[in-house]
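Chains, contacts and geometry: an overview
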Amino acid sequence: MVLSSAFGFDTVPETFIDGVHRLAPSGISILIVGGGIGGLTLALEGWRQGHNVRVLEKSPKLDTIGKFSLKGDTFGILPPGVVTLRYYPTLHKDFEDTSYDALTYIYAHSGRMVLDYGEAVWNLPESEHAAKDVRVPWIRSRFGMVKSLETQARRLGIPIEYGKNVIKYDEDETKAFVKTETGDVYYADLVVAADGIGTKSHKHVVGKQMPAMSSGAAAYRGLVTMDRLKDVSEDTKKRFLGVLSGQRSEFRVFLAGDMHMDCIITPDFVNYVLTHDDSGGAAEAWRSTISAPAVLELMDAVPGWDPALREIISKTPDNSIIDWKLLWRNPQPQWASKMGRVVQLGDCAHSFLPTSANGATQAMEDAVTLATCLRLGGRDKVVESVKTHVLLRYERVSTLQRFGFAQRQTLHKTDPVVVEKNPEAFKLKMSKWIWQHDPVQYARDNFHKAFAAVVDGAEFQNTNLPPGAKYEPWTIEEELARESQGLRTTLYSTGDWS
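Quick caveat, the model's predicted, so the values are computed rather than measured. (Residues numbered from 1 in each chain as written. Predicted model: local features only at pLDDT ≥ 70, side-chain atom pairs only at ≥ 80, totals over all residues. Heavy atoms only, no water.)

1. Quick notes on the side chain of T316
Tracing the backbone through its elements, the reader meets T316 in the loop between helix 7 (307–314) and strand 20 (321–328). The exposure class assigned to T316 is buried, which follows from its relative accessible area of 2%. Among all residues touching T316, those that are not within four sequence positions of it are L223, V224, R228, Y272, A292 and I321. (Helix = DSSP H or I, 4+ residues; strand = E, 2+ residues; numbered from the N terminus. Buried < 20%, exposed > 50% of the residue type's maximum accessible area, 1.4 Å probe, protein only. Contact = heavy atoms within 4.5 Å.)

Okay, structure coming up:
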C-alpha cells in the first residue's frame, strides 16, 4: 500500500513558468480526483493561485479519458469557463487555434434552414463577454480540450497520476483522505471530487449514494471523419461540406417534433447527436454502441428527413455510435461534506442536460471560483472557504440545470414553419447573464459577505442569476410531471432572460 503525504510546498514567493505568473504559496494542498475538464481547470487555476495540487485519474492514460472513444466528440464552451485563459499564453493560443469557430443555424428536419443565428452572440462586435482578450469559438473537441489542459498542467509541473480509481472518500478535522481500489491512500488539506456523474463521493458527502435518474430523453452520438465522406453525392457535398472549400464550421440544429439533432460540421469530421424520448430505464452506465441503421430507423418515425443528412449518417463506422442515456440528479445544495474537507465539482455536484450547453462551462466556473475562494480565505479557513464557494455557486448552477430542461422543450415543441415566419417564437436563449458573468470577479466581490453568511448567519443574496430573479427550488419529478401534462417549465417567467 502507498501512503501519500500532504505534499510539500514551494518556498519561492512568486514564480513564472511557461509565461504563467504563479502567486506566492498559499500553504493549501488540494487533491483532485478526476482528470477531465473541471478537474484539470482546477489544477491549473489552483496552481496559479499558489495552492499545491495533485490530480488522480481513473483512466489508464490520457486518450482513454471520458465516455467516448471518438476523439472528435464535441461540446460547447462559453466565456465564463475561460475567464482566466489570458493568464496562460501557450494554452490561450492552443485554445484558439484548435477550436471550431462555428456559425449556428436552425433547420427543419427536411433540410430547409428556418433561422440564421450566425455568430455566437458573445462574439458580436457590440458584445463584451467575460473572458477578456479571448476569442471564444462556440465548439470544442472534448478530447482536444482535455489534452490541451493536461499538456499545460505538465508544462507547469503539476503531478497527474493515471490508473488511480478512487473508491472511498473520508476526512478528519485536519485533512481529507481517498482510497483507491488497489489500496493506495492519499490525503491533503482538501479533496475535490471531479470524477463525473458516477463518483463514489456521494456516500461521504451526502450520506448515501445518489443514483442518477432518467431525464426522459436519450441520445445517439455519432462521428464521421471527412475521409469517409469522399464518395457522398454532389448534392450532399454542396449542402453540407462547404467547410472543405474554406467555409466556416457550422452548428446546425434540426427540429423534428419530439426529437432534434445537433450536427457539427468541421473540416475534420461531422459530429451528430440525435436526442429523442428515452424508452428504457435509467442506468448509471453507458449502453453498448450501435450502428447507423439503428439511428436511421429511429429517424423514420418522423418522415421526410433531409436525404443528405441521412447519407452522412449512413457513413458512420459500424458499432461506433453511442446510445447515451441522458441521466441527471435532482439539484442538491450539499456539495461539501459536513467537515468541509471533501467537496464535489462539476457533474459530481450537478449533472446537466446537453441542451443547457453549460455542463463543461459550469464545471470550469466551479473550478476557478473554488481556487479563488481558497486563496481569499487562506489555509486556516479552508472549510469555511469551501462552504462559501458552494453558497456562491449553487443557485446559479441549479438555475442553469433547469434552463437545459426549458431548452429541450423549445427544441421538441416548436414548429419550424412558425419559426420561419416568426423567429421570436423560437425561445432558445443564451442570455447575457450567462455569458457575461465573470466567476472570479464575482467571488472576489462577494467572498467576504458570503463568508459572513456561512460563519455568522448574516444575510446574503446572490446576484449571478437572471436580473430580477429570485432563486426557485425545483425537482426533476416536478418538471417531468409538468411536461407530461403539456405544460412548459416556468423558468422564463422569472427574471430577465433577454
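2. A few points about the sheet that holds strand 19 (residues 289–290)
Pairing in this open sheet of 8 strands is mixed, and the strands run 8-7-16-17-18-15-20-19 from one edge to the other. Both outer strands of the open sheet, strand 8 (113–118) and strand 19, are each paired with one neighbouring strand and no more. Where strand 19 and strand 20 come together, 2 bridges link them in antiparallel fashion. Looking across to strand 20, one finds that T289 is bridged to I322. (Pairing = 2+ DSSP bridges.)

3. Concerning the packing of aromatic side chains
Summed over the entire model, instances satisfying the criterion amount to 9 aromatic pairs. Residues Y100 and F269 carry aromatic rings whose centres are separated by 5.5 Å and whose planes lie at 75° to one another, so their mutual orientation is edge-to-face. You can see Y100 sitting in the loop between helix 2 (89–98) and strand 7 (103–108) and its partner F269 sitting in strand 18 (residues 269–277), a full 169 residues away along the chain. Both residues of the pair, Y100 and F269, belong to the buried class. Cluster of aromatic residues (ring-pair linked, three or more members): Y107, F240 and F254. (Phe/Tyr/Trp six-rings, centres within 6.5 Å; stacked < 30°, edge-to-face > 60°.)

4. A few points about the nonpolar core
Residues V82, V343 and M430 are the most contacted members of the largest nonpolar core, which totals 92 residues. In terms of residue count, the dominant contributor to this core is helix 9 (residues 382–413) (9 residues). Of the domains in this structure, domain 1 (15–65 + 146–211 + 329–493) and domain 2 (213–328) are the two that each give at least three residues to this core. Sequence-distant contacts of V82, that is, excluding residues within four places in its chain, are made with I77, F95, A131, V134, V136 and M364. Counting 32 residues, the second-largest nonpolar core is a separate cluster that includes L241, M259, V270 and L309. (Core = buried A, V, L, I, M, F, W, Y, C linked by side-chain atoms within 4.5 Å. Domains from an automatic or database assignment.)

5. A look at the sheet that holds strand 5 (residues 52–57)
An order of 10-5-4-14-21 is seen for the 5 strands of this open sheet, with the pairing classed as parallel. The sheet terminates laterally at strand 10 (160–162) and strand 21 (342–344), the two strands that pair on one side only. Strand-to-strand twist in this sheet, taken as the mean axis angle between neighbours without regard to direction, amounts to 20°. Here strand 5 pairs with strand 10 via 3 bridges, running parallel. Directly across from E57, in strand 10, lies its bridge partner Y162. Strands in contact with helix 1 (residues 37–48) are strand 4 (29–33), strand 5, strand 10 and strand 14 (190–193); relative to strand 5, the strand with the most contacts, it is inclined by about 165°. (Axes fitted to C-alpha atoms, helices over the stretch in contact; angles between N-to-C directions.)

6. Structural notes on the environment of S320
As for its position among the elements, S320 is in the loop between helix 7 and strand 20. Separated by 96 residues in sequence, S320 and V224 place their C-alpha atoms 9.6 Å apart. Here P317 takes part through its backbone oxygen, which lies 2.7 Å from a polar atom of the side chain of S320. (Polar contact = N/O pair within 3.5 Å; in protein donor to acceptor, adjacent residues only side chain to side chain.)

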